[in-house]
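Fold and geometry: a report
Listed below are the residues making up each chain.
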2 protein chains.
Amino acid sequence: MGIRIYGFWRSIASFRVRVALRLKGLPFEEIPVDILSGEQFRPEYAAVSAERVVPTFVHDGHTIFQSLAIIEYLETLQSEPRLIPQDAKERAYAKSLALVTVADAHPLVTPRVRNHLAATFGADAHAIEDWGRHWTTEGLATYERLLAQRPAAPFALGPEPGLADICIAGQVVTAQYVKLELRDFPAVARLAEHCFRLPAFASSHPFEQPGYKAAKAAH
Amino acid sequence: MGIRIYGFWRSIASFRVRVALRLKGLPFEEIPVDILSGEQFRPEYAAVSAERVVPTFVHDGHTIFQSLAIIEYLETLQSEPRLIPQDAKERAYAKSLALVTVADAHPLVTPRVRNHLAATFGADAHAIEDWGRHWTTEGLATYERLLAQRPAAPFALGPEPGLADICIAGQVVTAQYVKLELRDFPAVARLAEHCFRLPAFASSHPFEQPGYKAAKAAH
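On a predicted model such as this, the values are computed, not experimentally measured, just so you know. (Residues numbered from 1 in each chain as written. Chains lettered and ligands numbered in written order. Predicted model: local features only at pLDDT ≥ 70, side-chain atom pairs only at ≥ 80, totals over all residues.)

Focus: the overall build of chain A
Our working rule: Numbering of helices and strands starts at the N terminus; helices are DSSP runs of H or I of at least 4 residues and strands are runs of E of at least 2. Here the globule rule reads 2.2 Å times residues to the power 0.38, and the radius of gyration is calculated from C-alpha atoms. Residue burial is a threshold on neighbouring C-beta atoms within 10 Å of the residue's own C-beta, all placed from the backbone, with 20 or more meaning buried, 12 or fewer meaning exposed, and counts in between meaning partly exposed.
The helix and strand inventory of chain A stands at 10 helices and 4 strands. Against the 2.2 N^0.38 benchmark of 17 Å for 219 residues, chain A shows a C-alpha radius of gyration of 17 Å, consistent with a compact globule. For chain A, the spread of C-alpha atoms along the principal axes amounts to about 45 × 45 × 30 Å. Relative to its full complement of 219 residues, chain A shows a buried share of 47%.

Shown next as structure tokens:
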């Protein structure tokens, strides 16, 4: 049986997994779970993902959640092109870069956090966008400092795109969500430009997903 | 030259790295960076960590940041005892469990977030503790559901502790910070009990660090 991804057009973690699958040329089917309307809390999805988040990867009766764990698993499923270096130091660098957004910047701007800010502190749309802009800026600024130490060439670890680039590109998509200019982050902007020239990245962009187009048409 | 860790007694990510080093029996020196008073923003630390977070791992002139990347690197430095399974599916499961706290629950309760809540929404100590309790509960509840699907025996992946247990134990320490009882999370509580019976976990607990004892004595 083929690869199934439970994902959502707007989810940055779903974007990451989509890009990885396409860089590897692995065909997959994406089943939408609308996390804005709370579909992840329905009992039928709880059976798929005990964490009630997207994406969930299903292949051959086996289920994996968390985008980093999924992408790492894809390396075993099909080693080429390699997205995570085999050299221990390079791998650590790739993982560190990935975790800047996965573990630090991105968790703070997910729908559940935005909803909780509104419910708890009565944050309005404006305050929530400011919040998103603040943490997204922090992530971009970290990447800019890191890319100053070790310039991208043209991707974070060298000539081929990999896990780190996927994660940085996702952070740039978040910046688009909160209407942040990349003016102050030229190295990040350049790297993302290189990424989105590739079909695997471009076609995985949230705004290219059927769910986005349907949501836009409905408005 | 030996292993140096820039860490902080209260930092859960520092706790994770400490446990991993001790499970592997790797000696290390911990240099405290007081993230409550903002020492991570000092220029001399910025030279160590461009992300300005703890922990940072330094060994043999090489620097790694982000706890998961560090722990994975330790596997190469000394493979035994193995903390991350070699089997791809088991490894994916271990990583998924780790990321529940690393990528979802824990980022929301770090000092920088608590400070930003106070600065932005005027959240007082009580509101910030509620916020911490909310997200910590979410993480514990996810772990409880996951451990119901695949019971710990007695550790998350089997008879030996590893990455997943380190991360779950860290989530339990966070629960202690926000004064959450584990009554509703018996499987998590049992797993943590097994962890903290081991010296590697017990001696790495934040309250066992010199920084905590000094801070307590000063109050």
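Alright, that's what it looks like, and here's the rest.
Here's the deal with the relation of the copies chain A and chain B
Operational definition: Copy-to-copy superposition: least squares on the C-alpha atoms, limited to residues that have pLDDT of at least 70 in both copies. Here, residue contact means that the backbone-derived C-beta atoms of the two residues sit within 7 Å.
For the pair chain A and chain B, the best superposition has an RMSD of 0.0 Å and corresponds to a rotation of 180 degrees with a translation of 0.0 Å parallel to the axis. When the rotation and shift are considered jointly, the pair of chain copies conforms to a two-fold rotation axis. Every residue of chain A has its C-alpha some distance from the rotation axis, and the shortest such distance is that of Ala103 of chain A, at 2.1 Å. Most of the interface of chain A is mirrored in chain B, where 100% of its interface residues are also at the interface.

Observations concerning the interface of chain A and chain B
Put simply, the test is: Ten residues, namely Ala, Val, Leu, Ile, Met, Phe, Trp, Tyr, Cys and Pro, are considered nonpolar, four, namely Asp, Glu, Lys and Arg, are considered charged, and the remaining ones, Gly among them, are considered polar.
Counting residues at the interface gives 34 residues for chain A and 34 residues for chain B. Contributions of two or more residues to the side of chain A that touches chain B are made by β4 (62-65), α3 (67-77), α4 (88-105), α5 (111-121) and α6 (125-149) of chain A. For the side of chain A that touches chain B, the element with the most residues is α4 of chain A, which contributes 10 residues. For the side of chain A that touches chain B, a count of residues per class yields 19 nonpolar, 9 polar and 6 charged.

Here we look at the nonpolar core
If you look at soluble globular proteins, the nonpolar side chains tend to sit buried side by side. What counts is decided by this rule: Among buried residues, those of type Ala, Val, Leu, Ile, Met, Phe, Trp, Tyr and Cys that are joined through C-beta atoms within 7 Å form a set called a nonpolar core.
In this structure, Leu97 and Ile168 of chain A together with Leu97 and Ile168 of chain B are the most contacted members of the largest nonpolar core, which totals 128 residues. Ignoring any residue separated from it by four or fewer positions in sequence, one finds Leu97 of chain B in contact with Leu146, Ala156, Ala164, Cys167 and Ile168 of chain B.

Looking at the sheet that holds strand β3 (residues 56-59) of chain A
Residue and element names in this part refer to chain A. For the record, the criterion: Pairing between strands is defined by DSSP: at least two bridges between the two strands are required. Axes, fitted as lines to C-alpha atoms, cover a helix only where it is in contact. Angles between the N-to-C directions of the axes lie from 0 to 180 degrees.
Taken in spatial order, the 4 strands of this open sheet run β2-β1-β3-β4, and their pairing is mixed. Every other strand in the sheet has two partners, leaving β2 (28-32) and β4 as the edge strands with one partner each. This sheet shows a mean twist of 20 degrees between the axes of neighbouring strands, independent of strand direction.

With respect to unusual backbone geometry
Look at the link from Ala153 of chain A to Pro154 of chain A: it is a cis peptide, with omega at -15 degrees. Here Pro154 of chain A shows up in the loop between α6 and α7 (163-177). Val54 of chain B connects to Pro55 of chain B through a cis peptide bond whose omega is -5 degrees. Phi is positive for Gln66 of chain A, which is not a glycine, with a value near 80 degrees. The residue Gln66 of chain A is located in the loop between β4 and α3 in this model. Among the residues examined, Gln66 of chain A registers 28 C-beta atoms within 10 Å and is labelled buried.

A word on the domain arrangement of chain A
By convention, interface size is frequently given as the accessible area that disappears when the constituent parts associate. All names here are of chain A. Selection rule: All the domain ranges listed were derived from an automatic or database domain assignment.
For chain A, the assigned domains read domain 1 (3-81) and domain 2 (88-202). On a C-alpha basis, the centres of domain 1 and domain 2 stand 19 Å from each other. Counting residues at the interface gives 12 residues for domain 1 and 14 residues for domain 2. Elements with a minimum of two residues in the side of domain 1 that touches domain 2: α1 (12-23) and α3. A per-element tally of the side of domain 1 that touches domain 2 places α1 first, with 7 residues. Classifying every residue of the side of domain 1 that touches domain 2 by side-chain character gives 10 nonpolar, no polar and 2 charged.

Overview of the sheet that holds strand β3 (residues 56-59) of chain B
Residue and element names in this part refer to chain B. Read across the open sheet, the 4 strands follow the order β2-β1-β3-β4; overall the sheet is mixed. Each having just a single partner strand, β2 (28-32) and β4 (62-65) make up the two edges of the open sheet. The average undirected angle you get between the axes of adjacent strands in this sheet is 20 degrees. In terms of strand pairing, β3 meets β4 through 4 bridges, oriented antiparallel. Residue pairing in the sheet places Val58 in a bridge with Thr63 of β4. Set on the sheet, helix α1 (residues 12-23) makes contact with β1 (3-7), β2 and β3; between it and β1 the angle comes to about 155 degrees.

What to know about the environment of Ala103 of chain A
Structurally, Ala103 of chain A is set in helix α4. Setting aside residues no more than four positions away along its own chain, Ala103 of chain A makes contact with Gln66, Val102, Ala103 and Pro107 of chain B.

Re the packing of helix α4 (residues 88-105) of chain B against helix α7 (residues 163-177) of chain B
Each pair of packed helices gets described by two things: the angle between the helix axes and the distance between those axes. Residues and elements named next belong to chain B. Defined as follows: Under this scheme an angle from 65 to 115 degrees is roughly perpendicular, one under 35 degrees roughly parallel, and one over 145 degrees roughly antiparallel; angles in between are oblique. In this scheme the crossing of two helices becomes right-handed for a clockwise turn of the near helix relative to the far one and left-handed for an anticlockwise turn of less than a right angle.
Where α4 meets α7, the axes come as close as 7 Å, and the angle between the chain directions of the two elements is 30 degrees. It follows from the interaxial angle that α4 and α7 lie roughly parallel. Here the hand of the crossing between α4 and α7 comes out left-handed. Residues Ala94, Leu97, Ala98, Thr101, Val102 and Ala105 of α4 touch α7, and the partners they reach there are Leu163, Ala164, Cys167, Ile168, Gly170 and Gln171.

Side note on the environment of Leu108 of chain A
For Leu108 of chain A, the location among the structural elements is in the loop between α4 and α5. In the structure, Leu108 of chain A is positioned 44 residues away from Ala152 of chain A in sequence and 26 Å away in space, judged by C-alpha atoms. Leaving out residues up to four positions away in the same chain, Leu108 of chain A has contacts with Val113 and Trp135 of chain A together with Pro107, Leu108 and Val113 of chain B.

What to know about α6 of chain A
Using the following cut-off: What a helix is expected to span follows from its residue count: subtract one and scale by 1.5 Å.
With 25 residues, α6 of chain A ought to run about 36 Å at 1.5 Å a step, and its terminal C-alpha atoms sit 36 Å apart, in line with that. Within the sequence span of α6 of chain A, burial applies to Trp131, Gly132, Trp135, Thr136, Gly139, Leu140, Thr142, Tyr143, Leu146 and Leu147 of chain A. Of the surrounding secondary structure, the elements contacted by the buried residues of α6 of chain A are α4, α5, α7 and α8 (186-196) of chain A together with α5 (111-121) of chain B.

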